[in-house]
Amino acid sequence: MTDNFNGTIAVHPRGFGFLDLDDGRGSGFIVPPDLNRFLAGDRVSARITNTTDGRMNATHLTLLERTRRELFGSLTKRSGKDWLRIYRTISNTDWPLDGAEGVPEGALVIAEIVNERARLQRVVAPADASLELVRVRHDLRTSYPDEGPIAEDTLSRTDLRSLPTVTIDAPSSRDLDDAVAILPADNDGGLRLFVSIADVDSRVPEGSPLDLEARARGTSVYLAGQVLNMLPPGLAEDALS
């Protein structure tokens with residue numbers, strides 16, 4: 001029995017792959033030649049064939065969507081041409097690399113994906129390799145849509161800056177989006193607690209480019225010595241902090 005189904009590609013380090021089907025019925029095996037030019041995370045349409053032993057094969061793959069925008073790897077040369085050697089959990093084959101003239105073989109680089117080729121963006125220093133590998137492998141974004149000047153907060157608010165307010169963040173933290181303050185007990189012994197939360201909606205309208213970018217990121221990502229904020233630093237570390 002043969003049918004076409006949609007799914008997401010997973011790449012095995014040994015060179016073959018699997019198509020995790022959208023309908024949850026399982027995964028189809030992809031032989032190495034059919035996997036060439038595809039990347040882990042690609043959404044594809046494929047012909048699924050049920051074998052006599054109950055397994056499934058995925059063939060005739062057609063790319064539907066590629067969300068990955070960058071590749072991390074090392075430059076290698078074959079027959080006088082530049083190639084990008086990518087981690088085998090991302091791609092089972094090297095990609096032709098453009099724009100790498102003068103870059104020595106073995107250099108670690110980040111490249112953008114242009115159709116079925118890679119184009120050099122920049123060379124990565126060995127000391128930065130681990131962080132850049134994590135960033136590119138998980139498609140962590142470093143740029144934001146250009147929204148122009150940050151919108152003013154036009155809501156009427158009560159100024160509570162005279163209250164001693166504390167956060168659990170370290171003194172070196174720059175992104176302070178929640179804090180608490182508490183008033184002394186009144187005559188009845190009751191306490192009044194203030195919980196301050198950054199009002200993101202006042203500066204990031206629903207459906208705006210920044211809102212859509214924040215949804216795509218899902219959260220801020222903390223790496224060793226740096227943070228990739230869900231919102232631009234002007235908001236995360238200033239207007240909303």
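If you're wondering where the values come from, they're calculated on a predicted model, not measured in any experiment.

Engineer: In this structure, what is going on with the overall build of the protein chain? I would like to understand it.
Structural biologist: Of the regular secondary structure elements, the protein chain holds 4 helices and 14 strands. The C-alpha atoms of the protein chain give a radius of gyration of 25 Å, which is well past the 18 Å a tight globule of 241 residues would have. Taking the principal axes of the C-alpha coordinates as reference, the protein chain spans close to 80 × 50 × 30 Å. Taking all 241 residues of the protein chain together, 34% fall into the buried category. Contacts in the protein chain between residues at least 24 apart in sequence constitute 50% of all its contacts with a sequence separation of at least 6. Summing over all exposed atoms, the protein chain offers an accessible surface of approximately 14800 Å²; the carbon and sulfur share of this is 52%.

Engineer: Please explain the pattern of salt bridges as it appears in this structure.
Structural biologist: For side chains bearing opposite charge, pairing can occur when the charged atoms are close. In this structure the tally under the stated criterion is 19 salt bridges. We note a salt bridge from Arg88 to Asp94, for which the minimum N-O separation is 2.7 Å. Here the two residues Arg88 and Asp94 agree in accessibility, since each one is buried. Of the charged contacts, one joins Arg135 and Glu132 as a salt bridge, the two residues approaching to 3.0 Å between their closest N and O atoms. Within this pair, Arg135 and its partner Glu132 are both found in helix α2 (residues 129–137), separated by 3 residues, close to a single helical turn. Via salt bridges that share partners, Glu70, Arg122, Glu132 and Arg135 belong to a single interconnected network.

Engineer: Sorry if this is basic, but what is going on with the packing of aromatic side chains here?
Structural biologist: The geometry of two aromatic rings is summed up by the distance between their centres and the angle between their planes. Enumeration over the complete set of coordinates arrives at 4 aromatic pairs. Ring centres of Phe16 and Phe29 lie 5.4 Å apart, and the angle between their planes is 40 degrees; on these two criteria the pair is classed as tilted. With a gap of 13 residues between them, Phe16 in the loop between β1 (2–11) and β2 (17–21) and Phe29 in strand β3 (residues 27–30) connect regions that are remote in the sequence. With relative accessibility at 28%, the residue Phe29 sits in the partly exposed group.

Engineer: What is the right way to read the sheet that holds strand β6 (residues 70–78) from this model?
Structural biologist: Two modes of strand pairing occur in sheets, parallel and antiparallel, and in both the strands are linked by backbone hydrogen bonds. With respect to topology, 5 strands assemble into a closed barrel ordered β6-β7-β8-β10-β9, the strand pairing being mixed. Within this sheet the neighbouring strands show an average axis-to-axis angle of 55 degrees, counted without direction. Relative to the sheet, α2 contacts β6, β9 (108–114) and β10 (117–123), its axis offset from that of β6 by approximately 115 degrees.

Engineer: I would appreciate a short explanation of a nonpolar patch on the surface in the present structure.
Structural biologist: A cluster of nonpolar residues, Val166, Val180, Ile182, Leu191, Leu193, Val195 and Ile197, forms a patch on the protein surface that exposes about 680 Å² of accessible area. Put simply, the parts of the chain that give the nonpolar patch at least two residues each are β11 (178–183) and β12 (192–197). Among the elements that take part in the nonpolar patch, β12 stands out by supplying 3 residues, more than any other. Note that Val180 resides in strand β11. Owing to a relative accessible area of 36%, Val180 belongs among the partly exposed residues under this scheme.

Engineer: Where do I start with unusual backbone geometry in this structure?
Structural biologist: When glycine is set aside, most residues are seen to have a negative phi, and most peptide bonds are trans. Residues other than glycine seldom take positive phi values, yet His60 does so here, at roughly 55 degrees. Mapping His60 onto the fold places it in strand β5 (residues 56–65). Positive phi, normally seen in glycine, also occurs at Ser79, with a value near 55 degrees. Within the element layout of this structure, Ser79 appears in the loop between β6 and β7 (81–86).

Engineer: For this particular structure, what's the right way to read the nonpolar core?
Structural biologist: It is characteristic of soluble globular proteins that their nonpolar side chains tend to be buried jointly. Ranked by size, the top nonpolar core spans 16 residues in total, and within it Leu71, Leu84, Trp95, Leu97, Val103, Val109 and Ala118 carry the most contacts. Contributions of two or more residues to this core are made by β6, β7, β8 (95–98), β9 and β10. Per-element tally for this core: the top contributor is β9, with 3 residues.

Engineer: Help me understand the side chain of Glu132, please; the structure alone is not making it clear to me.
Structural biologist: Classification of Glu132 as buried rests on a relative accessible area of 14%. Filtering out sequence-adjacent residues up to four positions away, Glu132 remains in contact with Phe72, Ile110, Arg122 and Val124.

Engineer: Before we go on, may I ask you to explain the environment of Gly225 in this structure?
Structural biologist: Inspection of the secondary structure assignment puts Gly225 in the loop between β13 (221–223) and β14 (226–228). Between the alpha carbons of Gly225 and Arg117 there is a distance of 32 Å; along the sequence they are 108 residues apart.

Engineer: I would appreciate a short explanation of the side chain of Asp211 in the present structure.
Structural biologist: Positionally, Asp211 belongs in helix α3 (residues 209–217). The class for Asp211 is buried, based on a relative accessible area of 14%. For Asp211, the side chain forms a polar contact with the side chain of Arg215, separated by 2.7 Å. Residue contacts for Asp211: discarding those within four places in its chain leaves Val204, Pro205 and Glu206.

Cut-off values and rules
- As a convention, each chain's residues are numbered from 1 in the sequence order in which they are written.
- It should be noted that, the model being predicted, local features are given only for residues of pLDDT at least 70 and side-chain atom pairs only at 80 or more, the latter also being counted only at that level, while totals for whole chains, interfaces and linings use all residues.
- Side-chain descriptors were evaluated using all non-hydrogen atoms of the structure, hydrogens and water having been removed beforehand.
- Helical segments are the DSSP runs of H or I of at least four residues, strand segments are the runs of E of at least two, and each set is numbered from the N terminus.
- When we talk radius of gyration, it's over C-alpha atoms, and the globule rule is simply 2.2 Å times the number of residues to the 0.38.
- Relative accessibility decides the category of a residue: with a 1.4 Å probe and only protein chains considered, values under 20% of the type maximum give buried, values over 50% give exposed, and everything between is partly exposed.
- We call two residues contacting when some pair of their heavy atoms lies within 4.5 Å.
- The Shrake-Rupley method, run with a 1.4 Å probe, gives the accessible areas here. Residue values count only the displayed protein chains as cover.
- Salt-bridge detection follows one rule: a side-chain nitrogen of Lys or Arg within 4 Å of a carboxyl oxygen of Asp or Glu.
- For Phe, Tyr and Trp, rings pair up if their centres lie within 6.5 Å, where Trp contributes its six-membered ring, and each pair is then called stacked (planes under 30 degrees apart), edge-to-face (over 60) or tilted (otherwise).
- Only when DSSP finds a minimum of two bridges between them are two strands counted as paired.
- Fitting a line to C-alpha atoms yields each axis, with helices limited to the stretch in contact; the angle taken between N-to-C directions then spans 0 to 180 degrees.
- Residues enter a patch when their relative accessible area is above 30% and they make no salt bridge; the linking distance is 9 Å between like charges and 5 Å between nonpolar side chains (Val, Leu, Ile, Met, Phe, Trp, Tyr).
- Throughout, nonpolar core names a set of buried Ala, Val, Leu, Ile, Met, Phe, Trp, Tyr and Cys residues whose side chains join them through atoms within 4.5 Å.
- Counted as a polar contact is a pair of N or O atoms within 3.5 Å, where, for protein atoms, one must be capable of donating a hydrogen and the other of accepting one, and residues adjacent in sequence contribute only when both atoms are in side chains.

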